[in-house]
Amino acid sequence: TFSALNLDELTAQRDRALSDYDALVRRGLSLDLTRGKPSARQLDLAAAMLTLPSGHTAADGTDCRNYGGPQGLPEVRAMFSRLLQVPVAQLVAANNSSLSLMHDSIVHAMLGRLPGSERRWADEPRIAFLCPVPGYDRHFALSERFGIELIAVPMDDEGPDMDVVERLVREDAQVKGIWCVPKYSNPSGVSYGEETVRRLAAMPAAAPDFRIFWDNAYAVHHLTDTPVEIADILALCAENGNPDRAFVFGSTSKITFAGGGVAFFGSSPANVAWMTGNTGKRTIGPDKINHLRHVEFLRDEDGVLEHMRRHRELIRPKFEAVDLILTKELGGTGLASWSSPLGGYFISLDVLEGCARQVVSRAAGAGIALTPAGATHPYGDDPRDSTIRIAPTYPELDEVELAISGLATCVRLVGTEKLLE
Ligand code: PLP
């Protein structure tokens, strides 16, 4: 590793990195690895949806063109019931964007009482959410917008550190929630182990209205032939006497169209009644035409999984390219470590402590846009300044390769400079 080099050797490495970096800047690249969006080719996989549905009548005879059906079309709920581990009767199919359902859940909890709440969250002196880190920046931004205090909790490769979670949830009645991306987590790719899920479901909570925001955004987004399965949070919560504890979210945003998918909310019967009661005030029913379109296009659970295999063919080479280039350029240097996710949309790259911001800014200087360093942590503050999120799905493969080898140059430059300090 580079930390074992003597001063001359390290200086030589730094000089080499500097001349590589100058050459990189001269290339005048303009590449963007910031957001985990599907590529145009991935969206093309669902092109046939643009001419669907062919009819407008649901299985039970419902005319999907009309108002009504606050819980969404039964057949689209049936298609995703097992995939999201929510009984059909407890699953709501809504409009596009699961993020909007997370947003609305918080707003409804602020302005009205959740099942189990003693008072509206807006009337609480303080509301705090636990945030396993690294995590999803939009969860943090959404909570901050409503004045929710964010408490970072470290993660290991089985999920959040449960000793920390259990203590905070048991001791602090103002801790009302935790953000979880339980499968192929954004950005580390971690999937929660069975024991982690069981402990989340069973732990005592000081707040009677404590909620797990279970954002299963990557439930079917496998990168390998052996899909990761996670434990059933709703069943475990019910078994452990906490039936109303979990809100499950998911969507087809990264299955069909990111801007035109179907989002889902699943929970206990009491929470589902609470949710549909609230949404019934803001809409006379979801877009059932889009539900029908999804049913006609994806057909059933196997159809979803088959469709996801086509996505995988497009994105797996990009993930492999990232791993290959980072291994070639940075392997053995000790300047970085990175995740090798089995699914999801992200790779998380950890550079030497105190270097992430500089790496991102050097990359920007070479025309490579990365998610701001710190975005993976509450308040944009990564106390170690070490985690960088890589989103390889959107650019074409050759662009991913160029961007990652450029990024590796920036890591070498900033890392060797740091070691020379
Ligand atoms: N949740 C996670 C963990 C995500 O990574 C994303 C998108 O990147 C979303 C939710 C957004 O989901 P939706 O498009 O359903 O709002």
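Not measured: the values here are computed from a predicted model.

Caption draft 1: Main features of unusual backbone geometry. Across the junction of Leu52 and Pro53, the peptide omega takes the value 0°, indicating a cis bond. Among the secondary structure elements, Pro53 is positioned in the loop between α2 (40–44) and α3 (74–81). Geometrically, the link from Val133 to Pro134 is a cis peptide bond, its omega value of 0° lying close to zero. In this structure, Pro134 sits in the loop between β3 (128–133) and α5 (137–145). The backbone phi angle of Gln85 is positive, close to 55°, even though this residue is not glycine. Counting through the fold element by element, Gln85 comes out in the loop between α3 and β2 (91–93).

Caption draft 2: Expanded view of the nonpolar core. With 116 residues, the main nonpolar core has Phe264, Val351, Val359 and Val411 as its most contacted residues. A per-element tally of this core places helix α13 (residues 397–420) first, with 9 residues. For this core, the two domains that each supply at least three residues are domain 1 (2–32 + 305–420) and domain 2 (56–299). With residues near it in sequence (within four places) discarded, Val351 still touches Leu335, Ala336, Ala356, Val359, Ser386, Ile388, Val411 and Gly415.

Caption draft 3: Local environment of the sheet that holds strand β11 (residues 347–351). Read from one edge to the other, the open sheet built from 3 strands follows the order β10-β11-β13, with strand pairing classed as antiparallel. A strand with exactly one partner marks an edge of an open sheet, and here the two such strands are β10 (336–338) and β13 (387–390). When strand polarity is set aside, the average angle formed by the axes of neighbouring strands in this sheet is 25°. Where β10 lies against β11, 3 bridges are found, and the strand directions are antiparallel. Within β11, the residue paired with Ala336 across the bridge is Val351. Sheet strands touched by helix α12 (residues 356–365): β11 and β13. Its angle to β13, the strand with the most contacts, is close to 40°.

Caption draft 4: Molecular detail of the site of the ligand. Near the ligand you find 13 residues, and of these Ser98, Leu99, Ala217, Ser251 and Ser253 are the closest. Class assignment for the residues of the shell around the ligand results in 6 nonpolar, 6 polar and 1 charged.

Caption draft 5: Geometry of the packing of α12 against α13. Two elements in contact, α12 and α13, have axes separated by 9 Å at closest approach and are oriented at 130°. Relative to α13, α12 is oriented oblique. For the crossing formed where α12 meets α13, the hand is right-handed. Of α13, the residues touching α12 (which contributes Gln358, Val359, Arg362 and Ala363) are Gly406, Leu407, Cys410, Val411, Leu413 and Val414. For the contact of α12 with α13, the class distribution of residues is 7 nonpolar, 2 polar and 1 charged.

Caption draft 6: Structural view of the environment of Glu306. Considering the arrangement of structural elements, one finds Glu306 in helix α11 (residues 301–330). In this structure Glu306 comes out as exposed when scored by C-beta crowding, with 12 C-beta atoms within 10 Å. Between the C-alpha atom of Glu306 and that of Trp338, which follows or precedes it by 32 residues, the distance is 29 Å.

Caption draft 7: Just the pairing of strand β4 (residues 149–156), in detail. Here 6 bridges tie β3 to β4, and the two strands are oriented parallel to one another. When the bridges of β4 are listed, Pro132 appears paired with Val153. In this view, the connection linking β3 to its parallel neighbour β4 by way of α5 has right-handed handedness. Two strands pair when backbone bridges link them, and β4 and strand β5 (residues 159–160) are joined in this way by 2 bridges, in the antiparallel orientation. Across the sheet, the residue bridging to Asp156 is Gly159, located in β5.

Caption draft 8: Broad picture of the pairing of β11. In terms of burial, β11 is a largely internal element, 4 of the 5 residues being buried. By the bridge criterion, 4 bridges tie β11 to β13 in an arrangement that is antiparallel. Looking across to β13, one finds that Leu349 is bridged to Ile388.

Caption draft 9: Examining the sheet that holds β5 more closely. In spatial order, the strands read β2-β9-β8-β7-β6-β3-β4-β5; together these 8 strands make up an open sheet with mixed pairing. One side of each edge strand has no neighbouring strand; the edge strands of this open sheet are β2 and β5. With 3 bridges joining them, β2 and strand β9 (residues 263–266) adopt antiparallel strand pairing. Residue pairing across strands places Val92 opposite Phe265, the latter belonging to β9. Across the face of the sheet, helix α6 (residues 162–171) comes into contact with β3, β4, β5 and β6 (175–180) while running at roughly 150° to β4.

The rules behind these values
- Residues numbered from 1 in each chain as written.
- Predicted model: local features only at pLDDT ≥ 70, side-chain atom pairs only at ≥ 80, totals over all residues.
- Helix = DSSP H or I, 4+ residues; strand = E, 2+ residues; numbered from the N terminus.
- Core = buried A, V, L, I, M, F, W, Y, C linked by C-beta atoms within 7 Å.
- Buried ≥ 20, exposed ≤ 12 C-beta atoms within 10 Å, placed from the backbone.
- Domains from an automatic or database assignment.
- Contact = placed C-beta atoms within 7 Å.
- Pairing = 2+ DSSP bridges.
- Axes fitted to C-alpha atoms, helices over the stretch in contact; angles between N-to-C directions.
- Near = placed C-beta within 6 Å.
- Nonpolar A, V, L, I, M, F, W, Y, C, P; charged D, E, K, R; others polar.
- Parallel < 35°, antiparallel > 145°, perpendicular 65-115°, else oblique.
- Left-handed = near helix turned anticlockwise from the far one by under 90°.
- Right-handed = clockwise from strand over helix to strand, strands pointing away.

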